[in-house]
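Structural characterization, general
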Amino acid sequence: MTELFKNYIGGKWLESASGSTFDRRNPATGEVIGVFTDSDARDVDAAVVAASKAFASWRLYPAPKRGEILFKAARILEERKEAYAREMTEEMGKVLDETRGDIQEAIDMTYYMAGEGRRMFGQTTPSEMRNKFQMSVRKPHGVVGLITPWNFPMAIPSWKMMPAIVAGNTVVLKPATFTPKLSIRLVEVLEEAGLPGGVVNIVLGSGSKVGDPLLNHPGVPVISFTGSTETGRAVAMAAARHNKRLTLEMGGKNAVIVMDDADLDLAVEGILWGAFGTTGQRCTATSRVVVHKAVQAELAERLAARAGKLKIGNGLDQDVQVGPLVSAGQLETVHGYVEVGRVDGADLIAGGKIANQGALVNGHFHEPTIFDNVTPDMRIAREEIFGPVVSLLPVDSLDTAIEVVNGVEYGLSAAIFTQDVNNAFRAMRDIFTGILYINAGTTGAEIHLPFGGTKGTGNGHREAGTAAIDFYTEWQSIYVDYSGKLQRAQIDPVG
Ligand code: UN1
């Protein structure tokens, strides 16, 4: 019998109110990997009630002690890393090295936020008055609702959950419908590490039946969402109606610049990894290569040769470099973009086909695909594809390259390969993305710097590092007057 995965509400593993279920299949093989309880507004409500109740005591539990629970959770995650990585490959498809990386990212975030339990710094400032003390302290918000995507099934829930709980909030998590299992594992680990019941709750099910009620619930003042730009816009409108605090992490159209002075060996490695790692299903994936005309032909040839040799298959096989897309729908979308690229007149120089021969027959595989001579106005150069498709856009100067990089509606990640320090510094000054790499690809952000993007990618907030603590806490400025008399700021002279 396949295991039934349940909701975790108020410290108990429970079936949904409706009792119905949904199953998930391995995107490489089509095999069922688990049956999951299918929830609706009633379960969301129960989770919010449990989280609100837990908040009353969790906010008073000393932050360093909250951190100790996270330290313990991080150690458990380290022990289980390999087992969870395998489960994640089966659930989501990306290759083992990358699922190990995903779990490592959750471990890193958990340790980092555990340490925040002893920091969460505020400020003290001098006063204009005598005998008056003042400081700012961080306060938790209450119940936070987290809506997470399928491409980083453990890392992204950890980015949101760990800062939220160390700061004293309680959580209702709605994981992606495609990848509930690894979010459940993360919650199990927190339970085992001693997190009190109700501090973290998880409700499984669809965006419409679980996500929407969570988003619109009056008991949830804070929402953090990672997913598509289209859904993110709807989330923003709902959050605005209820005046909720919100982080949005949405699409990207990340570009690598390759200058005529670049180390081409390095650029080729960086582009292949950025474009085809995670089968292109990262918000940070390399989707455009803005290449100086002087090296365009050579770069195109080398990339095409290498892309054609990448091994496609089941990510559990250690030789495989490119796993499946997460779903049939995703495969269809990606392949649709390949057709759009052809029709718009780009030169297809590698891949281009759905891969369904032999052992690949039951999975959602697509060949790593490269288009050359793409122009900035083409749809494949503007829209997020979220799959193994990359476009080469030729330019004849750094200024034009930067213009092309900045000329899309998104602003998550960008990169430049150059050996010239002046080019590097101009890129640092003039590229307006949230993340920028010099001589490395567009992926691989570390957890202690702010993560997020400008323009259509986000709404100004950042995740990770201390930026996450800023989001999950509210400032309170406290003035303590010990003069024993009324001292009017801005009015009375210093006594
Ligand atoms: C994402 O694609 O949603 O920087 C997150 C990176 C990873 C996180 C990606 N550390 O590529």
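The written sequence of each chain sets the order in which its residues are numbered from 1. The predicted origin of the model limits local features to residues at a pLDDT of at least 70 and limits the giving and counting of side-chain atom pairs to 80 or more, whereas totals for whole chains, interfaces and linings rest on all residues. Note that water and hydrogens are dropped before the side-chain values are worked out from all heavy atoms of the structure.

Quick notes on the overall build of the chain
We count a stretch as a helix when DSSP gives it H or I for four or more residues in a row; a strand needs E for two or more, and each element gets its number in order from the N terminus. Within the chain, the regular secondary structure consists of 13 helices and 24 strands. In this setup the radius of gyration rests on C-alpha atoms only. A globule is expected at 2.2 Å times the number of residues raised to 0.38. A compact globule built from 495 residues should have a C-alpha radius of gyration of about 23 Å, and the chain, at 24 Å, falls within 12% of that. Only protein chains enter the area calculation, which uses a 1.4 Å probe; residues under 20% of their type maximum are buried, those over 50% are exposed, and those in between are partly exposed. Counting all 495 residues of the chain, 57% fall into the buried class. Contacts are assigned to residue pairs that have any heavy atoms within 4.5 Å of one another. Long-range pairs, those at least 24 residues apart, make up 74% of the contacts in the chain between residues at least 6 apart in sequence. For the chain, the distance from the average position of its 49 positive side-chain charges to the average position of its 58 negative side-chain charges is 8 Å. For the charge count, each Lys or Arg is scored as positive and each Asp or Glu as negative, with His and the chain ends excluded. For the purpose of locating charges, the reference atoms are NZ of Lys, CZ of Arg, CG of Asp and CD of Glu.

Points about the site of the ligand
With respect to spatial proximity, the complete set of residues near the ligand consists of Glu 105, Asn 151, Phe 152, Ile 156, Trp 159, Arg 282, Cys 283, Thr 284, Thr 443, Gly 444, Ala 445 and Phe 451. A distance of 3.3 Å is found between an oxygen atom of the ligand and a side-chain nitrogen or oxygen belonging to Asn 151. Here an oxygen atom of the ligand and a side-chain polar atom of Arg 282 are 2.7 Å apart. In this count, Pro and Cys sit with the nonpolar residues alongside Ala, Val, Leu, Ile, Met, Phe, Trp and Tyr, while Asp, Glu, Lys and Arg are called charged and the others, Gly among them, polar. Grouping the constituent residues of the shell around the ligand by class yields six nonpolar, four polar and two charged. What marks off one domain from the next here is an automatic or database domain assignment. Domain assignment of the residues forming the shell around the ligand places at least three in each of domain 1 (4-250 + 458-477) and domain 2 (254-438). Summary of the distance rule: residues count as near a molecule or strand when at least one heavy atom falls within 4 Å of that molecule or strand. Under the rule applied, a polar contact is a pair of N or O atoms within 3.5 Å (in protein, one hydrogen donor and one hydrogen acceptor; residues adjacent in sequence only if both atoms are side-chain atoms).

Section: the environment of Val 421
Residue placement: Val 421 occurs in helix H12 (residues 421-430). Taking relative accessible area as the criterion, Val 421 reaches 51% and is therefore assigned exposed. The spacing of Val 421 and Gly 194 is 227 residues in sequence and 50 Å in space, taken between C-alpha atoms.

A look at the domain arrangement of the chain
Each assigned domain of the chain is listed here: domain 1 (4-250 + 458-477) and domain 2 (254-438). Computed over C-alpha atoms, the centres of domain 1 and domain 2 are 31 Å apart. Contacts between the two partners involve 24 residues from domain 1 and, on the opposite side, 28 residues from domain 2. Accessible area that two parts lose when put together, evaluated with a 1.4 Å probe and summed over both, is termed the buried area. Around 2100 Å² of area is buried between domain 1 and domain 2 when both sides are counted, 58% of it from carbon and sulfur atoms. Any Lys or Arg side-chain nitrogen located within 4 Å of an Asp or Glu carboxyl oxygen qualifies as a salt bridge. For the pair domain 1 and domain 2, the number of links is two salt bridges.

Describing the sheet that holds strand E7 (residues 132-140)
Two strands qualify as a pair provided DSSP detects at least 2 bridges between them. Read from one edge to the other, the open sheet built from three strands follows the order E6-E7-E24, with strand pairing classed as antiparallel. Each edge of the open sheet is held by one strand with a lone partner, namely strand E6 (123-125) and strand E24 (473-481). Across this sheet, the average inter-strand angle for adjacent strands is 20°, counted without regard to direction. The pairing of E6 with E7 spans three bridges and is antiparallel. Paired with Gln 123 across the strands is Ser 136, a residue of E7. Here helix H13 (residues 465-472) sits on the sheet in contact with E7 and E24, set at roughly 75° to E24. Orientation is described by axes fitted as lines to C-alpha atoms, over the contacting stretch for helices, and by angles from 0 to 180 degrees between their N-to-C directions.

So, unusual backbone geometry
Here the phi dihedral of Thr 278 falls at roughly 55°; this positive angle occurs in a residue that is not glycine. In this structure, Thr 278 sits in the loop between helix H8 (264-276) and strand E14 (286-292). By relative accessible area, which is 1% here, Thr 278 ends up buried. Of note, the phi angle at Lys 455 is positive, near 50°, even though the residue is not glycine. As for its position among the elements, Lys 455 is in strand E23 (residues 454-455).

Focus on the nonpolar core
Within soluble globular proteins, side chains that are nonpolar generally end up buried alongside one another. In this structure, Ile 165 and Val 258 are the most contacted members of the largest nonpolar core, which totals 93 residues. The residue makeup of this core includes at least three contributed by each of domain 1 (4-250 + 458-477) and domain 2 (254-438). In contact with Val 258, other than residues within four places in its own chain, are Leu 264, Ala 267, Ile 271, Val 289, Val 290, Val 291, His 292, Val 295, Leu 299 and Phe 417. Grouped together as the second largest cluster of nonpolar side chains are 28 residues, Leu 331, Val 334, Ala 401 and Val 405 included. Here, nonpolar core means buried Ala, Val, Leu, Ile, Met, Phe, Trp, Tyr and Cys residues that are tied together by side-chain atoms lying within 4.5 Å of each other.

Thoughts on the side chain of Asn 151
Here Asn 151 is to be found in the loop between strand E8 (143-147) and helix H4 (155-166). Polar side-chain contacts of Asn 151 include one of 3.0 Å to the backbone oxygen of Gln 281. Setting aside its immediate chain neighbours within four residues, Asn 151 contacts Met 92, Lys 94, Asp 102, Ile 156, Gln 281, Arg 282, Cys 283 and Phe 386.

A few points about the sheet that holds strand E4 (residues 21-25)
The sheet built from three strands is open, its strands ordered E1-E5-E4 with mixed pairing. For this open sheet the edge positions go to strand E1 (4-5) and E4, each flanked by a neighbour on one side alone.

Let's talk about helix H7 (residues 229-241)
Expected helix span is taken as 1.5 Å per residue step, with the number of steps being one fewer than the number of residues. The end-to-end C-alpha separation of H7 is 18 Å, in line with the 18 Å expected for 13 residues at 1.5 Å each. Among all positions of H7, only Thr 229, Gly 232, Val 235, Ala 238 and Ala 239 are buried. Once H7 finishes, Asn 243 follows within two positions and takes phi at roughly 55°, a positive value.

Let's talk about a nonpolar patch on the surface
Taken together, the side chains of Val 421, Phe 425, Met 428 and Ile 438 define a hydrophobic patch exposed on the protein surface, amounting to about 370 Å² of accessible area. The element contributing the most residues to the nonpolar patch is H12, with three residues. Patch members must show over 30% relative accessible area and no salt bridge, and they are joined within 9 Å when carrying like charges or within 5 Å when they are nonpolar side chains of Val, Leu, Ile, Met, Phe, Trp or Tyr. The accessible surface values rely on the Shrake-Rupley method and a 1.4 Å probe; as for residues, cover is taken only from the protein chains in view.

A closer look at the packing of helix H1 (residues 41-58) against helix H6 (residues 207-216)
Viewed as axis vectors pointing N to C, H1 and H6 meet at an angle of 40°, and their least axial separation amounts to 8 Å. It follows that H1 is oblique to H6 by the angle criterion. Handedness of the crossing formed by H1 with H6: right-handed. Where H1 approaches H6, its residues Ala 41, Val 44 and Val 48 are matched on the opposing element by Lys 209, Val 210, Pro 213 and Leu 214. Of the residues in the contact of H1 with H6, the class split is six nonpolar, no polar and one charged. Any angle between 65 and 115 degrees counts as roughly perpendicular, while under 35 counts as roughly parallel, over 145 as roughly antiparallel, and the rest as oblique. If you view the pair so one helix is near and one far, a crossing is left-handed when the near helix is turned anticlockwise from the far one by less than a right angle, and right-handed when it is turned clockwise.

Digging into a negative patch on the surface
Where like charges cluster on the molecular surface, the negative patch consists of Glu 78, Glu 79, Asp 108 and Glu 446. As for its position among the elements, Asp 108 is in helix H3 (residues 96-116).

Notes on the pattern of salt bridges
Scanning the model with the defined rule gives 26 salt bridges in all. For Lys 209, the salt bridge identified is with Asp 38, shortest N-O distance 3.5 Å. With Lys 209 in helix H6 and Asp 38 in the loop between strand E5 (32-37) and H1, the pair connects residues that are 171 residues apart, well separated along the chain. Overall, the relative accessible area of 15% leaves Asp 38 in the buried class. Arg 306 is the salt-bridge partner of Glu 269, the closest N and O atoms lying 2.9 Å from each other. With Glu 269 in helix H8 and Arg 306 in helix H9 (residues 293-309), this residue pair connects regions lying 37 residues apart in the sequence. Three or more residues are tied together by salt bridges with common partners; here these are Lys 65, Glu 68 and Arg 118.

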